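Here's the letter readout for the chains.
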There are 2 protein chains.
Amino acid sequence: MPSQDAITETVNSYLTHVANGATDEIVNLYSADATIEDPAGSDVRRGRDAVREFYAAFQDAKKDTELAEIRIGGNEAAFYWHLTLDAGDTRTQISPISLMTFDDDGKITSMRAFWGPSDVRVL
Amino acid sequence: MPSQDAITETVNSYLTHVANGATDEIVNLYSADATIEDPAGSDVRRGRDAVREFYAAFQDAKKDTELAEIRIGGNEAAFYWHLTLDAGDTRTQISPISLMTFDDDGKITSMRAFWGPSDVRVL
């Protein structure tokens, strides 16, 4: 099981890479057969190609991320964070509660992000 | 699947009953074979008796609860909340990120609370 520090570091790296649109670096944080469910309740995507496709779709958007709260239990992290999207004349913020599981090497094996249209806020 | 409003209402009822130490009312929010894992990463307790025992253990403590953020996806809720424990001369606060799943009748089928000793704060 990865340490709490290792898990926290990976979550922070994840948010940095998401902000920078660094798709390769994001994919590299995931295990080969990882799953993503974003938003939670939607179809589950599985594997490196699906993970890459998901993040590549919005890598060029100007955005920023901020970790607000993180809680770790076993090999899992639950965290509350902010994603700010800057489209020039409008800035919107989504603040998901995300859940990640990790394998022994500290790679993300699953990511689920809880948020919905009603959580999108125009700044 | 219960509506988002029904899920939110149940979470609010849950937090009110926790604050009041209303063990019967809490147990009634759960399905018969529900599981609780609190803190997440610890042993899973299953069934009404185990649920009752868990909440009865601290029903008499003076405490308050506050819902900070809630996100719903499908039949699940993720929520960030505050539990303030008042022991007279010392007040402590724990702020878990919890995850609940619900059945079609809106009963809680599982509860997992992410928090650890490092999240306990003396006020």
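Structure shown above.
Quick notes on the rules
Chains are numbered independently. Their residues run from 1 in the order of the written sequence. Numbering of ligands from 1 and lettering of chains from A proceed in the order in which they are written. For a predicted model such as this one, the threshold for reporting local features is a pLDDT of at least 70, and the threshold for listing and counting side-chain atom pairs is 80 or more; totals across whole chains, interfaces and linings nevertheless cover every residue. Hydrogens and water are ignored here; the side-chain numbers use all heavy atoms of the structure. Put simply, DSSP H or I for four residues or longer makes a helix, DSSP E for two residues or longer makes a strand, and each gets a number counted from the N terminus. Based on C-alpha atoms, the radius of gyration is set beside the globule rule, defined as 2.2 Å times the residue count to the power 0.38. Note on exposure labels: buried denotes an accessible area under 20% of the residue type's maximum, exposed denotes more than 50%, and partly exposed covers the range between, all computed with a 1.4 Å probe on protein chains only. By definition in these notes, contact holds between two residues if any of their heavy atoms fall within 4.5 Å. Each accessible area value is a Shrake-Rupley result obtained with a 1.4 Å probe; residue values ignore everything except the protein chains displayed when judging cover. We count Lys and Arg on the positive side and Asp and Glu on the negative side, and we leave His and both chain ends out. Think of each charge as sitting on NZ of Lys, CZ of Arg, CG of Asp or CD of Glu. We call two N or O atoms a polar contact when they sit within 3.5 Å, provided that within protein one can donate a hydrogen and the other can accept it, with sequence-adjacent residues counted only if both atoms are side-chain atoms. Buried area is a sum: the accessible area each of two parts loses on coming together, probed at 1.4 Å, counted once for each and added. Basic side-chain nitrogens of Lys or Arg form a salt bridge, by our definition, when they fall within 4 Å of a carboxyl oxygen of Asp or Glu. Each residue is assigned to one of three groups, with Ala, Val, Leu, Ile, Met, Phe, Trp, Tyr, Cys and Pro labelled nonpolar, Asp, Glu, Lys and Arg labelled charged, and all others, Gly among them, labelled polar.

A. Inspection of the overall build of chain A at higher detail. Regarding its fold elements, chain A presents three helices and eight strands. Listed by position from the N terminus, the elements making up chain A come as α-α-β-β-α-β-β-β-β-β-β. Taken over the C-alpha trace, chain A has a radius of gyration of 14 Å; the compact-globule value for 123 residues is 14 Å, and the two agree within 12%. Judged by the C-alpha coordinates and their principal axes, chain A covers about 45 × 30 × 25 Å. Looking at chain A as a whole, 51% of its 123 residues qualify as buried. Taking all contacts inside chain A whose residues are at least 6 apart in sequence as the whole, residues at least 24 apart take part in 49%. Counting only carbon and sulfur atoms, one obtains 45% of the accessible surface of chain A, whose full area is about 6000 Å². Of the side chains in chain A, 11 bear a positive and 21 a negative charge, and the two mean positions are spaced by 3 Å.

B. Seen up close, the environment of A:Tyr30. Residue and element names in this part refer to chain A. Among the structural elements, Tyr30 can be located in strand β1 (residues 30–37). Take Tyr30: its relative accessible area is 1%, and that puts it in the buried class. For the pair Tyr30 and Ser118, spaced 88 residues apart in sequence, the C-alpha to C-alpha distance is 29 Å. Setting aside chain neighbours within four positions, we find Tyr30 in contact with Tyr14, Thr35, Ile36, Arg48, Val51, Tyr55, Lys107, Ile108 and Met111. Here the side chain of Tyr30 touches Tyr55 through a polar contact of 2.7 Å, side chain to side chain.

C. Region of the structure containing the interface of chain B and chain A. Facing the 20 residues of chain B at the interface are 20 residues of chain A. Broken down residue by residue, the surface that chain B buries against chain A is led by B:Arg71, B:Ile97 and B:Phe114, which jointly contribute 40%. Remark: the boundary between chain B and chain A carries four salt bridges. As a salt-bridge pair, A:Arg112 and B:Glu76 come within 2.5 Å of each other at their nearest N and O atoms. Seen at the junction of chain B and chain A, the total is six residue pairs in polar contact (both at pLDDT 80 or more). When contributions to the side of chain B that touches chain A are tallied by element, the ones reaching two or more residues are β3 (63–73), β4 (76–86), β6 (97–102) and β7 (108–114) of chain B. Among the elements that take part in the side of chain B that touches chain A, β3(B) stands out by supplying five residues, more than any other. For the side of chain B that touches chain A, a count of residues per class yields eleven nonpolar, four polar and five charged.

D. Structural view of the pattern of salt bridges. For the structure shown, the criterion picks out twelve salt bridges over all chains. Salt bridges sharing common partners tie together A:Glu37, A:Arg112 and B:Glu76.

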